[in-house]
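# Topology and contacts: notes
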Amino acid sequence: MIRFGLSRIGIITEGIDSWSEAAAVLRGETPYRDGELAALKPAMLKPNERRRTTRTIKLALQVTETVLQDYPDRQDLLSVFSSSEGDLDIIDQICQALCLPDRPVSPTQFHNSVHNAPAGYWSIGSASQAASCSLAALDGGFSAGLIEAASQVFSEQRPVLLVCYDQLPPPLMQSVIPIRTPFAVALLLTPEQDSQPCLAHLQLRLDAQGEPDRLANQALERLRLSAPAARSLTLLEAVASELPSQHRCLNYLPGLNLHLTITR
Amino acid sequence: MPALPLKISHYTLTNALGQGKSSALQALQSGHSGLRPCDLEGVDLETWIGRVPELENLPLPDAWQAYDCRNNRLALLGLQQDGFLQAVDAAKARYGVERIGVFIGSSTSGIATTEIAYRDRQDDRLPADFTPATTHNIASPCHFVRLALGLNGPALAISTACSSSATVFAAADRYIRSGLCDAAIVGGIDSLCLTTLYGFNSLDLISDRPCRPWDGSRNGINIGEAAGYALLEKSPEGESSLQLLGFGESSDAYHMSTPHPQGDGALAAMNQALQSAGLTPSQIDYVNLHGTATRSNDASEDRAVCRLFEHCPPCSSTKGFTGHTLGAAGITEAVFSLLCLEAGWMPQSLQTESRDPELGANILLQPQSAPLRHVLSNSFGFGGNNCSLIFGLAK
């Protein structure tokens, strides 16, 4: 059983761009209304880099900036980036270019096509030489990211940044990629013994038993199912409720679930 | 509670040198390159590639049809060598299927399937039989290996470009240390595709000749494909075995596709690996370089190696044998490091005729025999994710 602290949450999706907004919605204090995604303008990118990067990279970086606002020791943070599909706009454009005579693949797009591109821009933007992991796990992407980040907190006894993000597919891929809402969530995880205040303490274990929990509110349940990163809402709802102790089950892998105990 | 050192109880490799680790060792020892002029269907680039023959004629069994693509065919072919499946079966009997983790690195996974779907699209619709979740997706080879091995423990699909299948060793150590599993299958699979061939070509990083790491005339990489795996377990004290002794991971924080000119990120990864292994630089007997043979990669790694090692250990890049297998480079060179430890032998940097006078590392132009205790292997990727691994032979 791995135990760790959850000290900060950042979230960006249609109609929500802060943890305080999300918490009020998840507690049922305000109804969930989708709407426009906030403008993506991560400050850590220089203007020329902002032009050359994509909406996927910007979404991942912006949620990172949200969660780390005024955080002092960015350079020392270990980081985990999890995305179900990576940057589908770039893959779409490269695959289109490969169908043309002379195959004019853009060099900038090619170097941005790596799954760890947001992690690379984060490391440059924050001047952090700390280790960083980039991963993918289809529908279980949030669970896989949380487990990887928790294993880092546990074994390194250092704070770890988890960023989980999914962007809409380009038109050609919409019929085959089940992402219907852009969604990004960032968590700052801390060692259990850390003296900093935290939003919740978590315990994590894997079990083949159990069924992933659903959200009672239908609009929020639709949102939860609209992107792999949005499966995080199961955990965020429990944190927002501020009850003393709760248990939640999240999908992870075929035949294996993630079980979380969330305490205040 | 540290898990290191971890015992490497079984390992295997399939690439352009052949199927299984004995083909690899034989080719390394005879100085035989697996590179050939590029003959991949539909590619009109003048370059050389490290291709695994016959993948086109090895469809997956019907039960796994949804996963069928070049990358997963290579994944299965790799699993079938060196008695690896039997070793995993024995581990399942020891630990149980829920206590063995799967950690797989890949850079482009089955993207070739998406390239074909785009080529064959009609009226702006992709073909109906296109199943990207089980082919193109970065998680596909990891989920496929877990399925093919009949495991139900944790699984992690890592994609940090060309360090992907080196970082799987670090993740496996953390999961074992955290109690998430008792043993781990680590590995990497990457296969030839148009995206990487034309992508590296767009960056002017593809060589028109067999690649020549550290040579003054080097002008780029050759792309290869590979699948390799290792079975990691906790190491009982006093047992003679191959071991993972240490690892280090860092980020360059410099540029997306150009490494830090002074090798700062590479140096940080190597230093951390030494620290986690409890070794000093002078205790490293051989370095298997990342050594891609681009001008800037080799220059950066050379700076890092020369800054760290005062005793100039023998170094070589094995990319001239296999090509750069990208997301599978980490496991490829981990396996080479293990073969070298067992054989007491180090390969030359194939095709390197003379060391670039501007570079300083002790590059082997001929193979060399020597008892080896500790070998360091480097893997660095686009995006600046670096990983160094240290392997040893405990007696």
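Details of the structure are given in the entry above.
Everything in this summary refers to the structure shown in the same document. In this text, all values refer to a predicted model and were calculated from it rather than measured experimentally.

Glancing now at the pairing of strand β5 (residues 183–190) of chain A. Residues and elements named next belong to chain A. Buried residues dominate β5, accounting for eight of its eight residues. Burial of the side chains of β5 extends over both faces: F183, V185, L187 and L189 are buried on one face and A184, A186, L188 and T190 on the other. Examined bridge by bridge, strand β1 (residues 2–13) and β5 share eight bridges and lie antiparallel to one another. Note that in β5 the partner of G10 across the bridge is A186. Note that strand β4 (residues 160–166) and β5 share seven bridges and pair antiparallel. Residue L162 lies in a different strand from β5, and its bridge partner there is L187.

Let us look at the environment of T30(A). Residue placement: T30(A) occurs in the loop between α1 (19–26) and α2 (47–52). Apart from residues no more than four positions distant in its own chain, T30(A) is found in contact with A24(A) and V25(A).

Now for helix α5 (residues 140–149) of chain B. Residue and element names in this part refer to chain B. In terms of burial, α5 is largely enclosed, as nine of its 10 residues are buried. For α5, the full list of buried residues reads S140, P141, C142, H143, F144, V145, R146, A148 and L149. On its buried side, α5 packs onto α2 (70–79), α3 (84–95), β5 (100–105), β6 (155–158) and β7 (183–190).

All names here are of chain B. Even without being glycine, S109 reaches a positive phi, approximately 50°. Phi angles above zero are rare outside glycine, and L326 is one such case at about 55°. Topologically, L326 is positioned in the loop between α10 (319–322) and α11 (329–343). On the neighbour-count criterion, L326 (33 C-beta atoms within 10 Å) is buried.

Our next topic: the interface of chain A and chain B. On the side of chain B, 51 residues touch chain A, which itself brings 52 residues to the contact. Among the secondary structure elements, those contributing two or more residues to the side of chain A that touches chain B are α4 (88–97), α5 (107–112), α6 (117–126), β3 (132–136) and α7 (141–156) of chain A. The element contributing the most residues to the side of chain A that touches chain B is α7(A), with seven residues. Split by residue class, the side of chain A that touches chain B holds 31 nonpolar, 18 polar and three charged. For β3(A) and β6(B), the ladder comprises two bridges, and the chain directions are antiparallel. Following the sheet pairing, A136(A) is matched in β6(B) by A157(B).

For the rest of this paragraph, the subject is the packing of helix α3 (residues 55–67) of chain A against α6(A). Residue and element names in this part refer to chain A. Following both chains from N to C, one finds α3 and α6 inclined at 45°, their axes separated by 9 Å at the closest point. Classified by the angle between their axes, α3 and α6 sit oblique to one another. As α3 runs across α6, the sense of the crossing is right-handed. Across the interface between the two elements, I57, A60, L61 and T64 from α3 touch A117, P118, Y121, W122 and G125 from α6. For the contact of α3 with α6, the class distribution of residues is seven nonpolar, two polar and no charged.

Next up on the list: the pairing of β6(B). Residue and element names in this part refer to chain B. What you see with β6 is no split at all: A155 and A157 on one side and L156 and I158 on the other are buried throughout. In the sheet, β5 pairs with β6 via four bridges, with the strands oriented parallel. Bridged to G105 within β6 is I158.

This part takes up the sheet that holds strand β3 (residues 36–37) of chain B. Residues and elements named next belong to chain B. Read across the open sheet, the three strands follow the order β3-β4-β8; overall the sheet is mixed. In this open sheet, the two edge strands, each paired with only one partner strand, are β3 and β8 (223–224). Inspection of the sheet shows β3 paired to strand β4 (residues 48–50) by two bridges, in the antiparallel sense. Paired with P37 across the strands is W48, a residue of β4.

Residues and elements named next belong to chain A. As for its placement among the helices and strands, V63 is situated in helix α3. V63 sits in the buried class, given 28 other C-beta atoms within 10 Å. As for V63 and G10, which are separated by 53 residues in sequence, their C-alpha atoms are 5.8 Å apart. If we ignore the near neighbours within four places in the chain, the residues touching V63 are G10, I11, I12, V163, Y165, A184, V185 and A186.

Moving on: helix α8 (residues 264–277) of chain B. Residues and elements named next belong to chain B. In this model, α8 (14 residues) spans 20 Å end to end at C-alpha, consistent with the 20 Å of a helix rising 1.5 Å per residue. Within α8, burial applies to D264, G265, A266, L267, A268, A269, M270, Q272, A273, L274, S276 and A277. Turning to α8, the residues buried within the fold contact β10 (241–251), α9 (295–308), β15 (374–380) and β16 (385–394). The first or second residue beyond α8 is G278, which carries a positive phi of 70°.

In this section: the nonpolar core. One recurring pattern in soluble globular proteins: nonpolar side chains tend to sit buried together. Within the largest apolar cluster, 222 residues are counted, with the highest numbers of intra-cluster contacts made by V63(A), L162(A), A184(A) and A184(B). With nine residues, α11(B) is the single largest residue contributor to this core. If near-sequence neighbours (up to four positions away) are discounted, A184(A) is found in contact with I12(A), L59(A), A60(A), V63(A), C164(A), Y165(A) and A229(A).

Cut-offs used in this document
Residues numbered from 1 in each chain as written. Chains lettered and ligands numbered in written order. Predicted model: local features only at pLDDT ≥ 70, side-chain atom pairs only at ≥ 80, totals over all residues. Buried ≥ 20, exposed ≤ 12 C-beta atoms within 10 Å, placed from the backbone. Helix = DSSP H or I, 4+ residues; strand = E, 2+ residues; numbered from the N terminus. Pairing = 2+ DSSP bridges. Contact = placed C-beta atoms within 7 Å. Nonpolar A, V, L, I, M, F, W, Y, C, P; charged D, E, K, R; others polar. Axes fitted to C-alpha atoms, helices over the stretch in contact; angles between N-to-C directions. Parallel < 35°, antiparallel > 145°, perpendicular 65-115°, else oblique. Left-handed = near helix turned anticlockwise from the far one by under 90°. Expected span 1.5 Å × (residues − 1). Core = buried A, V, L, I, M, F, W, Y, C linked by C-beta atoms within 7 Å.

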